Amino acid sequence: MSGGESLRESAVFNLGGAITMIVDDSPFSLTLTSNALTGFGIRPAYACGTGTQAKKLLTDKPIDLLVVDTDMPDIDGFELVRWLRRSGPNPNAFTPVIMTASHIRRGRVAEARDCGANFVVTKPFSPAMLLERILWVARDSRPFLEVGDYLGPDRRFRHSGYEGVERRADMLRKANGMESLAL
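Since we're looking at a predicted model, the values are computed, not measured.

## Side note on the nonpolar core
Here is a general trend for soluble globular proteins: nonpolar side chains tend to be buried in one another's company.
Moving on, step 1. Residues M21, V23, L58, L66, V68, V97 and M99 are the most contacted members of the largest nonpolar core, which totals 21 residues.
Moving on, step 2. Broken down by secondary-structure element, the contributors of at least two residues to this core are β1 (20-23), α2 (51-60), β3 (65-69), α3 (77-85), β4 (97-101) and α4 (106-115).
Moving on, step 3. Here this core takes four residues from α3, the largest share from any one element.
Moving on, step 4. Counting residues in each nonpolar core, the second largest holds 16 residues, with L30, F40, I134 and V137 among its members.

Now the structure itself:
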């Protein structure tokens, strides 16, 4: 692709070669997610029942897509993704992550975003919804950022211009004793 050009909506994806890892402590959910991926032509290379098992594999094996449950007893999905994003120079640190969750509150969605996940899908999800999110992640052109203690894809989805009053500039002027220059 040339600079700045993003994948078209009509782009065709061959997912057969994608190295995918599923992490979920529920054998039932692990099987359902694996079957959904297999239906798209993705044969999950790794299925882990614990975050500890996933960490070991993520350290040694290249992964193209990680599908991880938020709630697990040993290492929850949030902690696993935070660790992954900070695991550089591990190339998996930049692997797209789709988190799955049942009964997720708004605060937990924000936590998923803030730990560095690319997207959250709530359970039960349809195979079509999972495929839609995988394709969305494949087209995602947001850059990875390191800001404070955050490392992951830019959390902003819309990059439209801000129409309101610039309050930060006003605060800086006041802090520097330049109130009279405020616009």
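Read on, since the account is not over.
## With respect to α2
Each α-helix winds once per 3.6 residues, and so residues spaced three or four apart point in a common direction.
Moving on, step 1. Buried residues of α2: G51, A54, L57 and L58, and no others. Buried residues of α2 fall within an arc of 120° about the axis and therefore sit on the same side. Counted as exposed and oriented over 90 degrees from the buried face of α2: K56 and D60.
Moving on, step 2. Against the buried residues of α2 lie β1, β2 (46-48), β3 and α3.

## Some words on the confidence of the model for the protein
Moving on, step 1. Of all residues in the protein, 77% have pLDDT values of 70 or greater, and the mean over the chain is 81.
Moving on, step 2. In this model residues 178-183 is a low-confidence stretch, pLDDT under 50, and it forms seven contacts with partners more than four residues away in sequence or in other chains.

## Points about the sheet that holds β2
Moving on, step 1. Spatial ordering of the open sheet is given by β2-β1-β3-β4-β5, a layout of five strands whose pairing is parallel. Where the open sheet ends on each side, the last strands, each with one partner, are β2 and β5 (119-122). Sheet twist, expressed as the average angle between the axes of neighbouring strands with direction ignored, equals 15°.
Moving on, step 2. Bridge count for β4 against β5 is four bridges, and the pairing is parallel. Residue pairing for β5: A101 is matched across the bridge by T122.
Moving on, step 3. Helix-sheet contacts for helix α1 (residues 27-39) involve β1, β2 and β3, and the interaxial angle to β1 is about 155°.
Moving on, step 4. Across the sheet, helix α5 (residues 127-139) touches β3, β4 and β5, and the angle it forms with β5 is around 180°.

## Considering the packing of α2 against α3
Moving on, step 1. Where α2 meets α3, the axes come as close as 10 Å, and the angle between the chain directions of the two elements is 15°. Compared by their axis directions, α2 and α3 come out roughly parallel. For the element pair α2 and α3, the recorded crossing hand is right-handed. Between α2 and α3, the contacting residues are G51, A54, K55, L58 and T59 on the first element and L80, W83 and L84 on the second.

## Concerning the pattern of salt bridges
Moving on, step 1. Here the structure, examined in full by the defined rule, presents five salt bridges.
Moving on, step 2. A salt bridge links D24 to K123; its shortest N-O distance comes to 2.7 Å. Remark: K123 occurs in the loop between β5 and α5 and D24 occurs in the loop between β1 and α1; sequence separation between them is 99 residues. As far as burial versus exposure is concerned, D24 and K123 are alike and both buried.
Moving on, step 3. Each of D24, D69 and K123 takes part in a single network of salt bridges with overlapping partners.

Calculation notes
- Residues numbered from 1 in each chain as written.
- Predicted model: local features only at pLDDT ≥ 70, side-chain atom pairs only at ≥ 80, totals over all residues.
- Heavy atoms only, no water.
- Core = buried A, V, L, I, M, F, W, Y, C linked by side-chain atoms within 4.5 Å.
- Buried < 20%, exposed > 50% of the residue type's maximum accessible area, 1.4 Å probe, protein only.
- Helix = DSSP H or I, 4+ residues; strand = E, 2+ residues; numbered from the N terminus.
- Arc of directions from axis to C-beta.
- Contact = heavy atoms within 4.5 Å.
- pLDDT = per-residue confidence, 0-100.
- Pairing = 2+ DSSP bridges.
- Axes fitted to C-alpha atoms, helices over the stretch in contact; angles between N-to-C directions.
- Parallel < 35°, antiparallel > 145°, perpendicular 65-115°, else oblique.
- Left-handed = near helix turned anticlockwise from the far one by under 90°.
- Salt bridge = Lys/Arg side-chain N within 4 Å of Asp/Glu carboxyl O.

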